[in-house]
Amino acid sequence: MSAPRRLKIGITCFATFGGSGIVATEVGLAMAARGHEVHFIARALPIRLDPATPGVTFHEVVEPDHDVLQPDGAYPIALASKIIEVTRCYRLDVLHVHYAVPHATAAWLARAVLGPEAPGLMTTLHGTDITLVGADATYLPITRFSVLQSDAVTAPSAFLRETTYQRLDLPRTLPIAVVPNFVDTAVWHPPLGPRRAPLAELFADLPDSDAVLVHVSNFRPVKRIADVVAVFQAVHAQRPARLLLIGDGPDCALAEELLAAAGLQDRVAFLGRQEHFALWLGAADAFLLPSATESFGLAALEAMACGVPVVASDVGGLPEVVVHGETGLLAPVGDVLALAQHVLWLLADEPRRLRFAAASVRRVREVFRAASAVDSYEAGYRALLAGRDA
Ligand code: GMT
């Protein structure tokens, strides 16, 4: 039997901090490690991508500076042009775009120009591209059209698959495969040394009895940063607590303001944007994710992989990630008192917290294995190519 053909794969994603770019990068790196030729086509070097990785080439999308097209307005056209250029130069077999808007649209445009030499197209939906941006009445017809024009469509959760059918009014005959987010457990694992040791550089004095909570996000309104602060405040009212905030975004200032108003700023460490924060995660007792919606919650998965139980909103794809009462605890969106009670209950009994921590690590290793997700994407590429050849 001959070896499976080496594929030439183009990957398009947003390069900034955010789950979709991270997943895209991990998929590309894993494909390169499997011997495929991978071309990242993005506006900037995607976060966590080392361009020196063997088998990987980075192609920067540059928007020409013309007065009539503001730089942002030019992005989809510049991206389509780059996809055309890279496809012609490297003869891409497959283009895998992450985040439907405007990536699937730019891919459709590029394929229309390329004609018979066009690569197959897989579109991976990530969440706000459907729930927020794509379903906006302004963009809806184009989002729907672009998703329909893809040869394969994936979503990270059953929740997002169902939401996409409903919001975009798509026919059920269009398959949307659920490929969950995943983490590299060689990077995201429980601390090997004393769990709280890294915190010594953040807090001069940290009694063992203090609870340590952590939140990681892009600090956008959907993350409900005010609820992170309110939960922390309610926990601290019952037992001394500390909070680690990792990430950056529009609502960072709000967090600072609310924490200062509550007189809690000295109990909080703002760590800003970080690429590698497994050590900080592993030092915490619980991870807070009170989002308004979440298609999956990659940050929750990273916390679980580090042995940190998640206390989160019972919304979107989160119940598919966090098993209530086993790896974490869920409460309705906005119910900060219930979330705080969950944290207090979890931390009231150390053997209980350890049970949740061990169950979290186990679940990541059993259900969200990188190899399974990468197998699914690779099989998807081959199936769509076989479909085209047929
Ligand atoms: O969380 C964000 O706001 C960033 C966003 C993105 O598109 O980068 O994340 C979305 O995609 C992630 C990767 O698939 C998911 O884990 C996040 O749950 C999802 N965010 C939302 O649905 C709000």
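Residues numbered from 1 in each chain as written. Predicted model: local features only at pLDDT ≥ 70, side-chain atom pairs only at ≥ 80, totals over all residues. Heavy atoms only, no water.

### With respect to the site of the ligand
And then number 1: As a matter of local geometry, the ligand sits amid 16 residues, with S20, H126, K223, E294 and S295 nearest to it.
And then number 2: The contact in question runs from an oxygen atom of the ligand to an N or O atom on the side chain of N181, over 2.9 Å.
And then number 3: The backbone of G297 places a nitrogen or oxygen atom 2.9 Å from an oxygen atom of the ligand.
And then number 4: Here the residues of the shell around the ligand sort into 3 nonpolar, 11 polar and 2 charged.
And then number 5: Counting the residues that make up the shell around the ligand, at least three belong to each of domain 1 (8-182 + 369-389) and domain 2 (197-367). (Near = heavy atom within 4 Å. Polar contact = N/O pair within 3.5 Å; in protein donor to acceptor, adjacent residues only side chain to side chain. Nonpolar A, V, L, I, M, F, W, Y, C, P; charged D, E, K, R; others polar. Domains from an automatic or database assignment.)

### A word on the nonpolar core
General note: in soluble globular proteins, nonpolar side chains tend to be found buried as a group.
And then number 1: In this structure, L281, F287 and Y381 are the most contacted members of the largest nonpolar core, which totals 66 residues.
And then number 2: Counting contributing residues, this core receives three or more from each of domain 1 (8-182 + 369-389) and domain 2 (197-367).
And then number 3: Residues within four places of L281 in sequence aside, it is in contact with W188, V214, V216, F287, E302, A303, C306 and V308. (Core = buried A, V, L, I, M, F, W, Y, C linked by side-chain atoms within 4.5 Å. Buried < 20%, exposed > 50% of the residue type's maximum accessible area, 1.4 Å probe, protein only. Contact = heavy atoms within 4.5 Å.)

### Quick look at the pairing of strand β4 (residues 94-98)
And then number 1: Counting buried residues along β4, 5 of its 5 residues qualify, which places the element largely inside the surrounding structure.
And then number 2: Residues V94, H96 and H98 point to one face of β4 and L95 and V97 to the other, with burial holding for every one of them.
And then number 3: In the sheet, strand β1 (residues 8-12) pairs with β4 via 4 bridges, with the strands oriented parallel. Bridge assignment links I11 to a residue of β4, and that residue is H96.
And then number 4: Examined bridge by bridge, β4 and strand β5 (residues 120-124) share 5 bridges and lie parallel to one another. Pairing of L95 across the sheet is with L121, part of β5.
And then number 5: For the crossover from β4 across helix α3 (residues 100-114) to β5, the handedness is right-handed. (Helix = DSSP H or I, 4+ residues; strand = E, 2+ residues; numbered from the N terminus. Pairing = 2+ DSSP bridges. Right-handed = clockwise from strand over helix to strand, strands pointing away.)

### Things to note about the domain arrangement of the chain
And then number 1: For the chain, the assigned domains are domain 1 (8-182 + 369-389) and domain 2 (197-367).
And then number 2: Together, the buried faces of domain 1 and domain 2 total about 1400 Å²; carbon and sulfur atoms form 60% of this surface.
And then number 3: The tally of links from domain 1 across to domain 2 stands at 1 salt bridge.
And then number 4: Here E302 and R48 are joined by a salt bridge, their closest N and O atoms 3.3 Å apart.
And then number 5: At the boundary of domain 1 and domain 2, one finds 6 residue pairs in polar contact (both at pLDDT 80 or more).
And then number 6: Looking at the side of domain 1 that touches domain 2, the elements that each hand over two or more residues are α1 (19-33) and α6 (158-167). (Buried area = accessible area lost by both parts, 1.4 Å probe. Salt bridge = Lys/Arg side-chain N within 4 Å of Asp/Glu carboxyl O.)

### Topic: a nonpolar patch on the surface
And then number 1: Taken together, the side chains of W108, L109, V113 and F145 define a hydrophobic patch exposed on the protein surface, amounting to about 330 Å² of accessible area.
And then number 2: Per-element tally for the nonpolar patch: the top contributor is α3, with 3 residues.
And then number 3: With respect to the secondary-structure elements, W108 resides in helix α3. (Patch = residues over 30% accessible without salt bridge, like charges linked within 9 Å, V, L, I, M, F, W, Y side chains within 5 Å. Areas by Shrake-Rupley, 256 points an atom, 1.4 Å probe, with all protein chains shown as cover.)

### Here we look at the side chain of D251
And then number 1: Among the structural elements, D251 can be located in the loop between β9 (241-246) and α8 (252-261).
And then number 2: R220 is the oppositely charged side chain nearest to the buried, salt-bridge-free D251, at an N-O distance of 8.5 Å.
And then number 3: Apart from the residues within four sequence positions on either side, D251 is in contact with F219, R220, P221 and I225. (Lys, Arg positive; Asp, Glu negative; His and termini not counted.)

### Quick word on the sheet that holds strand β6 (residues 152-155)
And then number 1: In spatial order, the strands read β3-β2-β1-β4-β5-β6-β7; together these 7 strands make up an open sheet with parallel pairing. Each edge of the open sheet carries a strand with a single partner, namely β3 (56-60) and β7 (176-178). Direction aside, neighbouring strands of the sheet carry axes that sit 25° apart on average.
And then number 2: Where β1 lies against strand β2 (residues 37-42), 5 bridges are found, and the strand directions are parallel. (Axes fitted to C-alpha atoms, helices over the stretch in contact; angles between N-to-C directions.)

### Quick word on the sheet that holds β9
And then number 1: The sheet built from 6 strands is open, its strands ordered β10-β9-β8-β11-β12-β13 with parallel pairing. In this open sheet, the two strands that pair with only one neighbour each are β10 (268-272) and β13 (328-331). Pairs of neighbouring strands in the sheet enclose a mean axial angle of 20°, with direction left out of account.
And then number 2: Strands in contact with helix α7 (residues 225-238) are β8 (211-216), β9, β10 and β11 (286-289); relative to β9, the strand with the most contacts, it is inclined by about 160°.
And then number 3: Here helix α10 (residues 298-305) sits on the sheet in contact with β8, β11 and β12 (310-313), set at roughly 175° to β11.

### Describing α1
And then number 1: Counted at 1.5 Å a residue, the expected span for α1 with its 15 residues is 21 Å, and the 21 Å between its end C-alpha atoms agrees.
And then number 2: For α1, the buried fraction is high: 11 of the 15 residues fall into the buried class.
And then number 3: S20, G21, I22, V23, A24, T25, V27, G28, A30, M31 and A32 are the residues of α1 that are buried. (Expected span 1.5 Å × (residues − 1).)

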